[in-house]
There are 2 protein chains.
Amino acid sequence: MVRDRVRSQARLVAAVGQVLTEAGFKGLGVNAVARRADLDKVLIYRYFGGFDALLEAYARSGDLWWSVDEIVGEHLPGPEQDSLAAWCVLALKRQVAALRQRPVTQQILAWELVEPSPLSRALSELREARTRQLVGRLVERGGGRAHGLLPTLHGLLGAASLYLVLRAHSVGQWHGVDFTTEAGWGRLDGAIAALVHAALGEPQATPSRR
Amino acid sequence: MVRDRVRSQARLVAAVGQVLTEAGFKGLGVNAVARRADLDKVLIYRYFGGFDALLEAYARSGDLWWSVDEIVGEHLPGPEQDSLAAWCVLALKRQVAALRQRPVTQQILAWELVEPSPLSRALSELREARTRQLVGRLVERGGGRAHGLLPTLHGLLGAASLYLVLRAHSVGQWHGVDFTTEAGWGRLDGAIAALVHAALGEPQATPSRR
DNA sequence: CTTGACATTCACCTGTCAGTGACATAGTGC
DNA sequence: GCACTATGTCACTGACAGGTGAATGTCAAG
C-alpha cells in the first residue's frame, strides 16, 4: 500500500477522464471512477468533499476546450492572407478538428443536453469567453474589415458542425451524408467553405460545392 | 379492477410519452412507465415482450416527426411566392417551431447522442425520408429552379437550429444569445433569413441582420 | 520503541433497477 | 354451479448505485 495523498488525488482526477472516454457520461459515477483508479471511493469524499467537486477538479485540470491560437494561430499560406472568408473557413474547419480529437469534450457536450453537470458549466464558461476572443481575432486577421454576417455565420455554422461531430458516434447519418467516413467530413468542409464564401460575397478560390 | 387488455396496452404506450416529457430519457425505465400507467410492470413483458418492444410501439404510435405539409404546406403570401430563398427560410423557421412543440422528440434527439435506442432508430428513419421529400418540395415551390447550395444550406442550418433547440432547455446560451427568451428565437430567425438570402444570392425583402 | 496522525480499506446501509415465479381475481363457455 | 383462460397483483431475487462509520495499515516524530 503506497501512502501518497497527492498521487491518489491525481489518480482519481485522471480516472474521471478515463471513465468518460471508455464508458461515457452514462457510466460515470463514484464507483466506476474509484474502480478505475484502483482506490476506494471513500477517498473521493475525503479528498474532494464529494463527486461534484471531483468533477470540478477534473474540469480545471483538463484540456477541455481549445485556445484561440489553436484555431487561428498561424498565418494562412498563399494570396488569401487577408480574406475574411478564408479565415472564417479555416477557423470553422479547425474547430471541427479540435473537437473531434477531444472525446471527453464531446461526451460532456452531449450529456449537457440531457442534464447539466458541474463539468458542463465549467465548459460553458470557457467556450463563451474563447468564442468572443475568436470572433474578434477573425476580424483582425481578415484585414480589420468587419462584416455584419460574420458572427451569425460563425455562430450558426459552428453550432451545425458541433452537432454533426456529436452525432457521428451514435447515428452518423445526416441528410444522406455519412459522417463515419473521412469522405463525409470532407463534404462538411466543402459545404462550410461554399456557404461562407457565398454569404460573405467573396468568390471562392477553389470552388467545392457539395 | 378493470380487465381490458387493449386499454392497458394503450395506457402503457401513453405512459412512455408522459415519462419522457416529465422526467426525460434519464428517468425512462420499466418501473417508471408502469408506475405512471398505474399498472404492474409485468404487463410490459407479457403484452410487449420487453421494454424495447414497448418503445417501438410508442414510436409507431406517436407524432414524433412532422410531415412535409406541416413545413411547406400552405402558399406563401405576397410577391415572394416563387422565391427559393423565401421558401427555404420559411421551411427552416417552421422546422424550428415544429421541433420546439415536440418535447418528446427533443428528448429522444438529445439522448441519441449519448446512447442510441429503438426510439432514436425509428426517428432517424422518419427524419431521413421526410428530409428528402422536403428538399424536393422546396425546389418545386421555388419555381423549379434548383440551386447547388440548397441542400447544403438546408442541411447545415437545419443542424444548427436543431442543436440550438436541444440546448435551450439545459444551457440556453450560445454565442451571447439567450435562447430561453422569445427574443433569442427571433434573432435565430433573423440570422437564418440573412444567411439564406446572402448565400442564395437573392436580396432580402425585409433585411434583418442580427 | 511508542505514539499518534493520516492514508487506505472493509463492511454495511438504503434505495432503485430489470426481470421472474406464484398467486388472486374477473369474465366466459359449458 | 363449474372449470378454464386471461388479466392483473404481489413478493421476491440479484445487481448496482451513492453514501457512511469503523477498522486496518503505514509512516514519522518524539
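For every chain, the first residue of the written sequence is number 1, and numbering continues from 1 along that sequence. In the order they appear in the text, chains get letters beginning with A and ligands get numbers beginning with 1. Per-residue local features are limited, in this predicted model, to residues with pLDDT of at least 70; the limit for side-chain atom pairs, both in listing and counting, is 80 or more; totals at the level of whole chains, interfaces and linings are taken over all residues. Based on all heavy atoms of the structure, the side-chain values leave hydrogens and waters out of the count.

Residues belong to a common nonpolar core when they are buried Ala, Val, Leu, Ile, Met, Phe, Trp, Tyr or Cys residues joined through side-chain atoms within 4.5 Å. The buried label goes to any residue with under 20% of its type's maximum accessible area, the exposed label to any with over 50%, and the partly exposed label to all in between, with areas taken from a 1.4 Å probe on protein chains only. Of all hydrophobic cores here, the largest spans 152 residues; its most connected members are V33 and V196 of chain A together with V33 and V196 of chain B. Sequence-distant contacts of V33 of chain B, defined by excluding residues within four places in its chain, comprise L12, A15, V16, V19, L28, I44, F51 and L54 of chain B. Two residues form a contact once any of their heavy atoms are found within 4.5 Å.

A few words on helix α8 (residues 118-141) of chain B. Compared with an ideal rise of 1.5 Å per residue, which puts 24 residues at 34 Å, α8 of chain B spans 35 Å between its outermost C-alpha atoms and is within 8% of the ideal. Helix and strand assignments come from DSSP, with helices taken as H or I runs of at least 4 residues and strands as E runs of at least 2, each series counted from the N terminus. G143 of chain B occupies a position one or two residues after α8 of chain B and carries a positive phi of about 85°. Helix span is expected to be 1.5 Å times the residue number reduced by one.

A word on the packing of aromatic side chains. Each aromatic pair joins two rings of Phe, Tyr and Trp (for Trp, the six-membered one) with centres within 6.5 Å, and gets the label stacked for planes under 30 degrees apart, edge-to-face for over 60, and tilted for any other angle. Counted according to the given criterion, the structure contains 10 aromatic pairs over all chains. Taking 6.2 Å as the distance between ring centres and 35° as the angle between the ring planes, the aromatic pair formed by Y163 of chain A and Y163 of chain B counts as tilted. Here the residue Y163 of chain A occupies a position in helix α9 (residues 150-170), and Y163 of chain B occupies one in helix α9 (residues 150-170), the pair thus bridging two chains. Classification of Y163 of chain A as buried rests on a relative accessible area of 0%. With a centroid separation of 4.9 Å and an interplanar angle of 55°, the aromatic rings of F179 of chain B and W185 of chain B are classed as tilted. Considered together, F179 of chain B and W185 of chain B belong to a single accessibility category, that of buried residues. The structure contains a cluster of three or more aromatic residues connected by ring pairs, namely F25 and W111 of chain A together with F25 and W111 of chain B.

Okay, the protein's contact with DNA strand D next. As a matter of local geometry, DNA strand D sits amid 21 residues, with R3 and N31 of chain A together with R3, R46 and Y47 of chain B nearest to it. Here, DNA strand D places atoms within 4 Å of the protein, and 51% of those atoms are sugar or phosphate. Y45 of chain A is positioned such that a nitrogen or oxygen atom in its side chain is 2.7 Å from a phosphate oxygen of DNA strand D. Between N or O atoms, a polar contact is any pair within 3.5 Å; within protein, one atom must be a potential hydrogen donor and the other a potential acceptor, and residues adjacent in sequence are included only when both atoms are from side chains. Within the contact set of DNA strand D, a phosphate oxygen lies 3.1 Å away from a backbone nitrogen or oxygen of D4 of chain B. Elements that contribute at least two residues to the surface near DNA strand D include exactly α2 (30-37) and α3 (42-48) of chain A together with α1 (5-23) and α3 (42-48) of chain B. A per-element tally of the surface near DNA strand D places α3 of chain B first, with four residues. Tallied by class, the residues present in the surface near DNA strand D amount to nine nonpolar, three polar and nine charged. Definition of nearness: a residue and a molecule or strand are near each other if at least one heavy atom of the residue lies within 4 Å of the molecule or strand. For this scheme, ten residues count as nonpolar: Ala, Val, Leu, Ile, Met, Phe, Trp, Tyr, Cys and Pro. Four count as charged, namely Asp, Glu, Lys and Arg, and the remainder, Gly too, count as polar.

Looking now at the interface of chain B and chain A. Chain B puts 44 residues into the contact, and the matching count from chain A is 44 residues. By convention, the term buried area covers the 1.4 Å-probe accessible surface removed from two parts as they join, with the contributions of both added. In this assembly, chain B packs against chain A so that about 4,100 Å² is buried in total across both faces, 71% of it on carbon and sulfur atoms. Think of a salt bridge as a Lys or Arg side-chain nitrogen and an Asp or Glu carboxyl oxygen that are within 4 Å of each other. Applying the counting criterion to the chain B and chain A interface returns four salt bridges. A salt bridge links K26 of chain B to E115 of chain A, with the shortest nitrogen-to-oxygen separation between them at 3.8 Å. Taken together, the connections running from chain B to chain A amount to 10 residue pairs in polar contact (both at pLDDT 80 or more). Elements with a contribution of two residues or more to the side of chain B that touches chain A: α7 (103-112), α8, α9, β1 (173-174) and α10 (182-200) of chain B.

With that settled, consider the relation of the copies chain B and chain A. C-alpha atoms of residues with pLDDT of at least 70 in both copies form the basis for the least-squares superposition of the copies. For the pair chain B and chain A, the superposition axis carries a translation of 0.0 Å, the fit reaches an RMSD of 0.1 Å, and the rotation angle comes to 180°. Considering both components of the superposition, the chain copies are consistent with a two-fold axis. Mapped onto chain A, 100% of the interface residues of chain B again fall at the interface, so both copies present the same surface.

Right, let's get into the protein's contact with DNA strand C. If you check the shell around DNA strand C, you find 21 residues, and the closest are R3, V42 and R46 of chain A together with N31 and K41 of chain B. Residue S8 of chain A places a side-chain N or O atom 2.8 Å away from a phosphate oxygen belonging to DNA strand C. Here a phosphate oxygen of DNA strand C and a side-chain polar atom of R35 of chain B are 3.3 Å apart. Among the elements of the structure, α1 (5-23) and α3 of chain A together with α2 (30-37) and α3 of chain B are those that each provide at least two residues to the surface near DNA strand C. Take the surface near DNA strand C: its biggest share by element is four residues, from α3 of chain A. When grouped by side-chain class, the residues that make up the surface near DNA strand C number 10 nonpolar, three polar and eight charged.

For helix α7 (residues 103-112) of chain A, a buried count of eight out of 10 residues is recorded, marking the element as mostly surrounded by other parts of the structure. For α7 of chain A, every residue scored as buried is listed here: V104, T105, Q106, I108, L109, A110, W111 and E112 of chain A.

With that out of the way, let us pick up the domain arrangement of chain A. All names here are of chain A. What marks off one domain from the next here is an automatic or database domain assignment. Structurally, chain A comprises domain 1 (5-61) and domain 2 (68-200). For domain 1 versus domain 2, the separation of C-alpha centres amounts to 30 Å. With 11 residues of domain 1 at the contact, the number on the domain 2 side is nine residues. Carbon and sulfur atoms make up 83% of the area that domain 1 and domain 2 hide from each other, which totals about 920 Å². Broken down residue by residue, the surface that domain 1 buries against domain 2 is led by L20, T21 and F25, which jointly contribute 51%. Remark: the boundary between domain 1 and domain 2 carries zero salt bridges. Joining domain 1 to domain 2, the criterion identifies zero residue pairs in polar contact (both at pLDDT 80 or more). When residues of the side of domain 1 that touches domain 2 are traced back to their parent elements, those giving at least two are α1 and α4 (51-61). With five residues, the top contributor of residues to the side of domain 1 that touches domain 2 is α4.

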